[in-house]
Amino acid sequence: MSRELYLECYSGISGDMTVAALLDLGVEPSDLIEELKKLHLDGYEIKITETKKNQIRAMDFDVILTEEEPHHVHNHAHDHTHAHNSYREIRAFIQASDLTARVKDRILKIFHVIAEAEAAVHGTSVEEVHFHEVGAVDSIVDVAAVAICMERLGFDRILISELWEGKGTTWCQHGRIPVPAPAVLEMLANSSLRAHFTGVEGEMITPTGAGIAVALADKRALPDSFIIERIGVGAGKKEFPHANILRAMILCTEEYPAAEREQRQEEEPKTGELQNPVRVLETNVDDCSGEVLGYTMERLLEAGALDACCMPLYMKKNRPAYLLQVLCRPEQEAVMESIIFQETTSIGLRKYTEERTVLPREMIRVKLPGGQEVRIKKCTHHGEIFYYPEYEDVRQICLDNGKAFRSVYEQAVQAAVFF
């Protein structure tokens, strides 16, 4: 099975609506607030409450400014006391934070999409573009909070519905402008997302909301069938004839084909930061065949387990048995439990949390002297580089050409060194 986030944007989308909906999906507010401290940004407070929009219960996320110039940084290594209004300043500020690399990447991806649109609208370069609304502290916090929440929840991909927008005009730093705002329109024009202009007076898509949707949305359509695992509802700040809400849903769908899953694993950004805790599930079984255990591990890995293994052991009465151990993200725990109980003879599990460190890595492709292509994981640690050719690629070359595995493996490593 695959877990997907679906954002239903029939009342538009904004940064605060997105954060609120993700919090309602299950992110602990205290966890989010602690992570936001890693920005080293003060001058604001977070208010998280429940509210109602057209009698529909929703979560409300609000960034309350507490200073006239609220963009103060309290990390002496990067002490700024002015507003972060340019893309260059925001990028340097985010990179200097203590957030994980994955969260930083997602934040900067959103800001880069917005910066490209603003640059096109104002006729300047991306590096030099200044955007007051998006450079403000509340928008920085909104974007960072979205990235943090998405990292906490974990998804295989993010799907976006049609983006509904209003009509008329709205106010900004430059005065009254048409709806959609020029930057929003630019982002929509440069994306494959479908838009729908309604007859509602007012702005429903903010630049921050458009940046989130365009930067993070997968281009594929909503699956024909799925299981809705959970629903989160985020409240907007405006009053419309309809409920001003953003609904977020976690969908469980059929697993990806093997080739597509492999491609997504290659493209997944990796980090050398200490990762979020992983859950370890394990059970001892002495009455389950090797075929069943092998099939179970295949299902666990296909469902998104980070790792799965079996280790021989002896149980009571000296019975030979196996320890089945699975590593997964916290949000995947229920799916893993279900597979284990469904496929094996286990009637109980042990569960605990562990930390893990992952080396920074990227997948590169090299060609051998014979023209064959090999994928290689390039990992780094304290300035040292390690190259690990993919087993399946090396194996296939050996079978096709009658060569020794070690010889092809070493050729691939040498090719990667000069890549």
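From a predicted model like this one, the values you see are computed outputs, not experimental measurements.

**Some points on the pairing of strand 12 (residues 307-314)**
At step 1: In the sheet, strand 12 pairs with strand 13 (residues 320-328) via 8 bridges, with the strands oriented antiparallel. Bridging across to strand 13, Cys309 finds its partner in Gln325.
At step 2: Hairpin connection from strand 12 to strand 13: 5 residues lie between these consecutive antiparallel strands, with Lys317 at a positive phi of about 60°.

**Here we look at the sheet that holds strand 15 (residues 361-367)**
What links the strands of a sheet is backbone hydrogen bonding, and the strands pair in either a parallel or an antiparallel sense.
At step 1: Pairing is antiparallel in the open sheet, where 3 strands are placed in the order 15-16-17. Edge strands, defined here as strands with exactly one partner in the open sheet, are strand 15 and strand 17 (384-389). Averaged over all neighbouring strand pairs, the angle between strand axes comes to 30°, with direction disregarded.
At step 2: Of the strand pairs in this sheet, strand 16 (residues 373-381) and strand 17 are connected by 6 bridges, and their pairing is antiparallel. The partner of Cys379 across the bridge, within strand 17, is Phe386.
At step 3: Along the sheet face, helix 13 (residues 405-417) touches strand 15, strand 16 and strand 17 and points at about 140° away from the line of strand 17.

**Description of the confidence of the model for the protein**
At step 1: The predicted model of the protein has a mean per-residue pLDDT of 85, with 88% of residues at 70 or higher.
At step 2: Helix 9 (residues 258-267) is the least confidently modelled element of the protein, averaging 47 in pLDDT, while helix 1 (residues 15-24) averages 96, the highest of any element.
At step 3: When the criterion is pLDDT under 50, residues 69-84 qualifies, and its contacts beyond four places in sequence or with other chains add up to 42 contacts.

**Some words on the pattern of salt bridges**
At step 1: Counted by the stated rule, this structure contains 27 salt bridges.
At step 2: Between Glu162 and Arg194 there is a salt bridge, with its nearest N and O atoms 3.9 Å apart. Of this pair, Glu162 sits in the loop between strand 4 (157-160) and strand 5 (163-167) while Arg194 sits in the loop between helix 7 (182-189) and strand 8 (195-201), and the two are 32 residues apart along the sequence.
At step 3: Here Glu162 falls in the partly exposed class, since its relative accessible area comes to 29%.

**As for the packing of aromatic side chains**
At step 1: The tally for this structure, following the rule as stated, stands at 4 aromatic pairs.
At step 2: Ring centres of Phe386 and Tyr388 lie 6.5 Å apart, and the angle between their planes is 20°; this geometry places the pair in the stacked category.
At step 3: Residue Tyr388 is classed as partly exposed on the basis of its relative accessible area of 39%.
At step 4: When the centroid spacing of 5.7 Å and the interplanar angle of 35° are considered together, the rings of Tyr391 and Phe405 count as tilted. Highlighted residues: Tyr391 in helix 12 (residues 391-401) and Phe405 in helix 13, separated in sequence by 14 residues.
At step 5: Since its relative accessible area comes to 49%, Tyr391 is described here as partly exposed.
At step 6: Through a chain of ring-to-ring contacts, three or more aromatic side chains come together here, namely Tyr391, Phe405 and Tyr409.

**Here's the deal with unusual backbone geometry**
Excluding glycine, residues mostly have negative phi values, and the peptide bonds linking residues are mostly trans.
At step 1: In this structure, the amide linkage connecting Val179 to the following residue, Pro180, adopts the cis form with an omega of 0°.
At step 2: Residue placement: Pro180 occurs in the loop between strand 7 (175-178) and helix 7.
At step 3: Of note in this structure, His40 is not a glycine but carries a positive phi near 60°.
At step 4: Along the polypeptide, His40 turns up in the loop between helix 2 (29-36) and strand 2 (44-53).
At step 5: In this structure, Asn318 takes a positive phi of about 60° despite not being glycine.
At step 6: Relative to the helices and strands, Asn318 is located in the loop between strand 12 and strand 13.
At step 7: Of the residues examined, Asn318 reaches a relative accessible area of 63% and is grouped as exposed.

**Focus: the packing of helix 2 against helix 6 (residues 137-153)**
At step 1: Taken N-terminus to C-terminus, the directions of helix 2 and helix 6 make an angle of 125°; their axes are 10 Å apart at the nearest point. Judged on the interaxial angle alone, helix 6 and helix 2 are oblique. Our pair here, helix 2 against helix 6, has a crossing hand that is right-handed. Here helix 2 contributes Asp31, Leu32, Glu35 and Leu36 to the contact with helix 6, which in turn contributes Val141, Ala144, Ala145, Ile148, Cys149 and Arg152.
At step 2: Along the lines of polarity and charge, the residues of the contact of helix 2 with helix 6 split into 7 nonpolar, no polar and 3 charged.

**Quick word on the environment of His242**
At step 1: Looking at the element boundaries, His242 is found in the loop between strand 9 (227-235) and strand 10 (245-253).
At step 2: Remark: the alpha-carbon pair of His242 and Lys53, spanning 189 residues in sequence, is separated by 8.5 Å.
At step 3: Not counting the four nearest positions on each side in its chain, His242 is found in contact with Tyr10, Ser11, Asn54, Val200 and Met204.
At step 4: Polar side-chain contacts of His242 include one of 2.9 Å to the side chain of Ser11.

**Looking at the sheet that holds strand 14 (residues 350-354)**
At step 1: Strand order across the open sheet formed by 4 strands is 12-13-11-14, with antiparallel pairing between neighbours. Looking along the sheet, the strands with just one partner apiece sit at the ends: strand 12 and strand 14. If you compare each strand with its neighbour and ignore which way they point, the axes differ by 25° on average.
At step 2: Packing against the sheet, helix 10 (residues 290-302) makes contact with strand 11 (278-285), strand 12 and strand 13, and its axis sits at approximately 150° to strand 12.

**So, the nonpolar core**
At step 1: In this structure, Leu32, Leu36, Phe61, Ile107, Ile160 and Leu163 are the most contacted members of the largest nonpolar core, which totals 69 residues.
At step 2: At 12 residues, helix 6 tops the list of elements feeding residues into this core.
At step 3: Once you skip the residues sitting within four places of it in the chain, Leu36 turns out to touch Tyr44, Ile46, Val141, Ala144, Ala145 and Ile148.
At step 4: Of all hydrophobic cores here, the second largest spans 13 residues; its members include Val366, Val374, Val394 and Ile397.

Thresholds applied
- Residues numbered from 1 in each chain as written.
- Predicted model: local features only at pLDDT ≥ 70, side-chain atom pairs only at ≥ 80, totals over all residues.
- Heavy atoms only, no water.
- Pairing = 2+ DSSP bridges.
- Helix = DSSP H or I, 4+ residues; strand = E, 2+ residues; numbered from the N terminus.
- Axes fitted to C-alpha atoms, helices over the stretch in contact; angles between N-to-C directions.
- Contact = heavy atoms within 4.5 Å.
- pLDDT = per-residue confidence, 0-100.
- Salt bridge = Lys/Arg side-chain N within 4 Å of Asp/Glu carboxyl O.
- Buried < 20%, exposed > 50% of the residue type's maximum accessible area, 1.4 Å probe, protein only.
- Phe/Tyr/Trp six-rings, centres within 6.5 Å; stacked < 30°, edge-to-face > 60°.
- Parallel < 35°, antiparallel > 145°, perpendicular 65-115°, else oblique.
- Left-handed = near helix turned anticlockwise from the far one by under 90°.
- Nonpolar A, V, L, I, M, F, W, Y, C, P; charged D, E, K, R; others polar.
- Polar contact = N/O pair within 3.5 Å; in protein donor to acceptor, adjacent residues only side chain to side chain.
- Core = buried A, V, L, I, M, F, W, Y, C linked by side-chain atoms within 4.5 Å.

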